[in-house]
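# A structural walkthrough
Next come the chains, spelled out residue by residue.
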Amino acid sequence: MNFKFLSIGVMALLLVTFLSACGGDSDPGPSERATAVTLTWPEFRELERVETSIGRLEAEAAPSVAAETSGRVKRIAMDAGESVAEGDVLAELDSETQALAVASAEAAVRRLEAMLENQRVQVNRLRNLAQRQSVAQDQLDEAETLVRVYSAQLDEARARRDDAEINLERTRVLSPVTGQVQRRHVSPGDFVSPGLVLFELVAADALRAVLPLPERLFDELAIGLPVRLSVPARPGQSIEARISEIRPMVGVGSRAMELIVALDNPGQWRVGGSVTGQVILAQREGLVVPLASVVRRPAGQVVFVYDGNDRAIERPVLLGLRSGDWVEVIEGLAGDEAVVVDGAGFLTDGARLEITRWLDQVNDSSDPFDDEVES
């Protein structure tokens, strides 16, 4: 009996469940869920095709200052790391020998000046006597020849004096440029001879950036192309310059060619430091959308276009150049179609949208597709 009543109860429960399910057809089903998104309009912007290279900074002038005369180093006036101006004294050599040479040369000049003056007086006297035929012509000719000889000897003595004075001046080693002392090679007491390098200088006002680039770009490069330069020590600072030289040889090991960009030091850019160069190979205007609006689907890269009725339309696109957080759309999108930005990754074709904000209309909560005018 118990099994009979249990079977009747189970049948009754199934009947109630069936009737409830049939009766549910008259109730409205759950509404389609909308995805919260933000929208924006595509823009036309100036785009750049850029090749980035990390190179090094060199000084336009980095002279090695060598001794130009012999002597013992008497004083060091500048040391490594110090700033110098053109004409500043770097070191002084013992000038005793050079000073004696100047005094000797000066004495020789005065002696020959006196001899020449005396010989000219003698020639004038002989000419007067020759007019009265009181002296032989050969004697006069010999006297005039001596005037020419003494005159030539005097010129030679004066040249020696000038050379001695130059050697005396060279005992003061001067800086040929304005810059910094990179390295000092001598100390007080060292004996130096002509040609021995005493100091290495760096003129940091005029620099050049050496940028390696792959040889495949050779046909696209030209002198005068714009370059944007920056250094790690000044991340917020960049300067615009232009290619001033393209070195003709390709590196054997790197297979890269080097560009030279001449520039004035904008301040505290260090010779020998690294520099990042962005070589602008091409510039053009293009239609761009935010990178966040581009998503990958089985069909490829797509954007979702707003249809004006709270629906998303999947649109395959062909992308081009990238500019910061924006990317160029070459094919697949017109400039008058709004695209989904935030939330694009959650959409499918035809998905319902809940627009939370227009990114280019932050202060305007109206729907750009609502053309109704209140009467």
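Our subject is the structure that appears above.
Below, the structure is looked at part by part. (Residues numbered from 1 in each chain as written. Predicted model: local features only at pLDDT ≥ 70, side-chain atom pairs only at ≥ 80, totals over all residues. Heavy atoms only, no water.)

## Some points on the overall build of the protein chain
- Looking only at helices and strands, the protein chain features three helices and 21 strands.
- A fraction of 74% describes how many contacts in the protein chain between residues 6 or more apart in sequence connect residues 24 or more apart.
- A total of about 22900 Å² of accessible surface is found on the protein chain, and carbon and sulfur atoms cover 50% of it. (Helix = DSSP H or I, 4+ residues; strand = E, 2+ residues; numbered from the N terminus. Contact = heavy atoms within 4.5 Å. Areas by Shrake-Rupley, 256 points an atom, 1.4 Å probe, with all protein chains shown as cover.)

## Topic: the nonpolar core
- Counting 22 residues, the largest nonpolar core has Leu221, Leu229, Trp269, Val275 and Val279 as the members making the most contacts within it.
- Within the residue set of this core, elements represented by two or more residues are β10 (197–214), β11 (226–231), β12 (234–250), β13 (256–264) and β14 (274–290).
- With residues up to four places along the chain from it excluded, the contact list for Leu221 reads Leu213, Ile246, Met257, Leu259, Val279 and Leu281.
- Ranked by size, the runner-up nonpolar core spans 17 residues in total, among them Val73, Leu198, Phe199 and Ala203. (Core = buried A, V, L, I, M, F, W, Y, C linked by side-chain atoms within 4.5 Å. Buried < 20%, exposed > 50% of the residue type's maximum accessible area, 1.4 Å probe, protein only.)

## Here we look at helix α2 (residues 96–131)
- Between its first and last C-alpha, α2 extends 53 Å over 36 residues, near the 52 Å set by a 1.5 Å rise per residue.
- Within the span of α2, buried status applies to Gln98, Val102, Ala105, Val109, Leu112, Leu116, Gln119, Val123 and Leu126.
- Backbone geometry just downstream of α2 places Gln133 in the positive-phi region, at approximately 60°. (Expected span 1.5 Å × (residues − 1).)

## Here we look at the side chain of Gln119
- Examined against the element boundaries, Gln119 turns out to sit in helix α2.
- On the basis of relative accessibility, which here comes to 8%, the residue Gln119 falls in the buried class.
- Side-chain polar atoms of Gln119 contact the backbone oxygen of Ala143, separated by 3.0 Å.
- Non-local contacts of Gln119, meaning those with residues more than four positions away in its chain, are made with Ala143, Leu146, Val147 and Tyr150. (Polar contact = N/O pair within 3.5 Å; in protein donor to acceptor, adjacent residues only side chain to side chain.)

## Notes on the packing of α2 against helix α3 (residues 137–169)
- At a closest axis distance of 8 Å, the pairing of α2 and α3 adopts a crossing angle of 165°. As far as their axial angle goes, α3 and α2 are roughly antiparallel. Read as a crossing pair, α2 and α3 show a hand that is left-handed.
- Looking at the contact of α2 with α3 residue by residue, the class counts come to 21 nonpolar, six polar and nine charged. (Axes fitted to C-alpha atoms, helices over the stretch in contact; angles between N-to-C directions. Parallel < 35°, antiparallel > 145°, perpendicular 65-115°, else oblique. Left-handed = near helix turned anticlockwise from the far one by under 90°. Nonpolar A, V, L, I, M, F, W, Y, C, P; charged D, E, K, R; others polar.)

## What to know about the pattern of salt bridges
- Taken as a whole and assessed by the stated rule, the structure comprises 21 salt bridges.
- Linking Arg161 and Asp162 is a salt bridge whose minimum nitrogen-to-oxygen distance equals 4.0 Å.
- Each of Arg56, Glu58, Arg208, Arg247 and Glu258 takes part in salt bridges that share partners, so that together they form one network. (Salt bridge = Lys/Arg side-chain N within 4 Å of Asp/Glu carboxyl O.)

## Things to note about unusual backbone geometry
- In this model, Gln268 sits at a positive phi of 65°, which is unusual for a non-glycine residue.
- The phi torsion at Asp310 lies on the positive side, around 60°, for a residue other than glycine.
- Following the sequence through the fold, Asp310 ends up in the loop between β16 (300–306) and β17 (312–316).
- Owing to a relative accessible area of 35%, Asp310 belongs among the partly exposed residues under this scheme.

## Thoughts on the sheet that holds strand β4 (residues 71–76)
- Spatially, β7-β6-β4-β9 is the arrangement adopted by the four strands of the open sheet, whose pairing is antiparallel. Looking along the sheet, the strands with just one partner apiece sit at the ends: β7 (172–174) and β9 (191–192).
- Bridging between β4 and strand β6 (residues 89–93) involves three bridges; their strand directions are antiparallel. Counterpart to Arg75 in the pairing with β6 is Glu92. (Pairing = 2+ DSSP bridges.)

## Overview of the layout of surface pockets
- By volume, the largest pocket is sized at about 300 Å³.
- Gln180, Ala204, Asn265, Trp269 and Arg270 are, among the 15 residues lining the largest pocket, the residues nearest its centre.
- Contributions of two or more residues to the lining of the largest pocket are made by β5 (83–84), β8 (179–184) and β10. (1 Å grid on protein atoms, 1.4 Å probe; cavity = no way out; pocket = protein on both sides within 12 Å on 5 of 7 lines; lining within 4 Å. Points joined across faces, edges and corners; volume = space filled by probe spheres on them.)

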